[in-house]
Amino acid sequence: MKIYAAITLLAATLVGCDNSSAPLSFTPEMASFSNEFDFDPLRGPVKDFTQTLFNEKGEVSKRVTGTVSSEGCFDTLELHDLEANTGVALVLDANYYLDAETQQRKVKLQGKCQLAELPSAGITWDTDDNGFVVTAHGKEMEVKYRYDADGYPLGKTTVSGDQHLSVQSTPSKDLRKRMDYSAVSMLNDKPLGNVKQSCDYDRHNNPVSCDLTITDDSVKPAVERKYTIKNTIEYY
């Protein structure tokens, strides 16, 4: 999953292939939701999934659980950050995601099931002609997202006041192992940190386990943290 620990770095997934049975590209919803809710996007006929991040002690740091309709919409999405002791469970209801506990409207949707607005934070999302979220606007910030031709999230830039954060992800050239990636973040053109990841994959070319290393270059000497990720995925 994408990790935000001391540094903010993008982790993403997508796959293509150079043989006769190329893997499916990421859907706009999967790619866009992964950007906003900090998990690795998956491809293919995913029914439900859980992504769990473990620290070097083997303790659970973060967990994301989702259920996806046969049409590719997220029916539910649970996000738990155990290190920060925060979490939320979202449930699809018409063109909103509700807080599963309070039934409060959390996220407004556009079209069938794409992100449109986060009312509590004053954030709105814009999509391109293919349905991918390409910009996010708030009162004092703007985010721009980049994807390749298959929907792989290549990074993003965030501008807030005089702060300019850019994240650039470089996936493996092996189109079936795009979760083997590196990512670099820059704050006002100064190195902030980097991420490197390598994974084992299932028959749908989705990661089932990954080794992740995060280096925080914002401190001296730089701090390196190692994580493992375990995914459980059920398909239609």
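Residues numbered from 1 in each chain as written. Predicted model: local features only at pLDDT ≥ 70, side-chain atom pairs only at ≥ 80, totals over all residues. Heavy atoms only, no water.

Labelled according to an unreviewed UniProt entry, the chain appears under the name UPF0257 lipoprotein MXM28_03595, originating from Enterobacter vonholyi. Under the UniProt heading Sequence similarities (unreviewed entry), the note attached to the chain is "Belongs to the UPF0257 family." (UniProt positions renumbered as here; feature names shortened; annotations may be inferred.)

## Details of the overall build of the chain
Within the chain, the regular secondary structure consists of 1 helix and 18 strands. Whereas a compact globule of 236 residues would reach a radius of gyration of roughly 18 Å, the chain reaches 17 Å, a difference of no more than 12%. Seen through its principal axes, the chain has C-alpha atoms that stretch 50 × 45 × 35 Å. Counting every position in the chain, which comprises 236 residues, the buried fraction comes to 45%. The contacts in the chain between residues at least 6 apart in sequence include a share of 39% that link residues at least 24 apart. Accessible surface, the chain: about 11500 Å² in total, of which carbon and sulfur atoms supply 49%. On the chain, the mean spot of the 25 positive side-chain charges and the mean spot of the 35 negative ones are 3 Å from each other. (Helix = DSSP H or I, 4+ residues; strand = E, 2+ residues; numbered from the N terminus. Rg over C-alpha atoms; globule rule 2.2 N^0.38 Å. Buried < 20%, exposed > 50% of the residue type's maximum accessible area, 1.4 Å probe, protein only. Contact = heavy atoms within 4.5 Å. Areas by Shrake-Rupley, 256 points an atom, 1.4 Å probe, with all protein chains shown as cover. Lys, Arg positive; Asp, Glu negative; His and termini not counted. Charge placed at Lys NZ, Arg CZ, Asp CG, Glu CD.)

## Concerning the nonpolar core
Formed by 28 residues in total, the largest nonpolar core has its most connected members in Phe33, Phe37, Phe39, Phe49, Phe74, Leu77 and Trp125. Looking at this core, the elements that each hand over two or more residues are α1 (28–37), β3 (46–54), β4 (60–68), β5 (74–81), β8 (105–110), β10 (123–127), β11 (133–137) and β12 (141–147). With near-sequence residues (within four places) excluded, Phe37 lies in contact with Leu77, Leu79, Leu90 and Leu115. (Core = buried A, V, L, I, M, F, W, Y, C linked by side-chain atoms within 4.5 Å.)

## Structural notes on the environment of Pro28
The residue Pro28 is located in helix α1 in this model. The spatial distance from the C-alpha of Pro28 to the C-alpha of Leu165 is 23 Å, given a sequence separation of 137 residues. When near neighbours in sequence (up to four residues on either side) are disregarded, Pro28 contacts Gln114, Asn130, Gly131 and Phe132.

## Let's talk about the packing of aromatic side chains
Aromatic ring pairs are defined here through the distance separating the ring centres and the angle between the ring planes. In total, this model carries 7 aromatic pairs according to the counting rule given. Seen from their ring centres, Phe49 and Phe74 are 6.4 Å apart, and the 75 degrees between their planes marks the pair as edge-to-face. Of this pair, Phe49 sits in strand β3 while Phe74 sits in strand β5, and the two are 25 residues apart along the sequence. Just as Phe49 is buried, Phe74 falls in that class too. Taking the centre distance of 5.0 Å and the plane angle of 50 degrees together, the rings of Phe132 and Tyr147 count as tilted. Linking Phe132 in the loop between β10 and β11 with Tyr147 in strand β12, this pair joins segments that are 15 residues apart in sequence. Taken together through their ring pairs, the aromatic side chains of Phe33, Phe37, Phe39, Phe49, Phe74 and Tyr97 make up a single cluster. (Phe/Tyr/Trp six-rings, centres within 6.5 Å; stacked < 30°, edge-to-face > 60°.)

## With respect to the pattern of salt bridges
Counted according to the given criterion, the structure contains 5 salt bridges. One salt bridge in this structure joins Glu234 and Lys47, with 4.0 Å as the shortest N-O distance. Of this pair, Glu234 sits in strand β18 (residues 223–235) while Lys47 is found in strand β3, placing the two residues 187 residues apart along the sequence. Take Glu234: its relative accessible area is 38%, and that puts it in the partly exposed class. (Salt bridge = Lys/Arg side-chain N within 4 Å of Asp/Glu carboxyl O.)

## Let's talk about the layout of surface pockets
One water molecule sets the probe size; rolling that probe over the atoms shows where empty space is left. Considered as a void within the structure, the largest pocket measures approximately 400 Å³ in volume. Residue lining of the largest pocket: 18 residues in total, with Glu36, Phe37, Leu118, Ile123 and Trp125 positioned closest to the centre. Mapped onto the lining of the largest pocket, the elements with two or more residues apiece are α1, β6 (86–93), β8, β10, β12 and β13 (153–160). Looking at the lining of the largest pocket, its residues break down into 12 nonpolar, 3 polar and 3 charged. (1 Å grid on protein atoms, 1.4 Å probe; cavity = no way out; pocket = protein on both sides within 12 Å on 5 of 7 lines; lining within 4 Å. Points joined across faces, edges and corners; volume = space filled by probe spheres on them. Nonpolar A, V, L, I, M, F, W, Y, C, P; charged D, E, K, R; others polar.)

## Observations concerning the state of the cysteines
Under the criterion given, the structure shown has 2 disulfides. A sulfur-sulfur separation of 2.1 Å characterises the disulfide bridge that pairs Cys73 with Cys113. In this structure the cystine formed by Cys73 and Cys113 twists about its S-S bond by roughly -65 degrees; its chirality is therefore left-handed. Linking Cys73 in the loop between β4 and β5 with Cys113 in the loop between β8 and β9 (114–118), this pair joins segments that are 40 residues apart in sequence. When its relative accessible area of 3% is taken as the criterion, Cys113 is described as buried. (Disulfide = S-S within 2.5 Å.)

## Re the environment of Leu24
Relative to the assigned elements, Leu24 resides in the loop between β2 (7–8) and α1. Residue classification places Leu24 among the exposed residues on the basis of a relative accessible area of 54%. C-alpha separation for the pair Leu24 and Thr170, spaced 146 residues apart in sequence, amounts to 19 Å.

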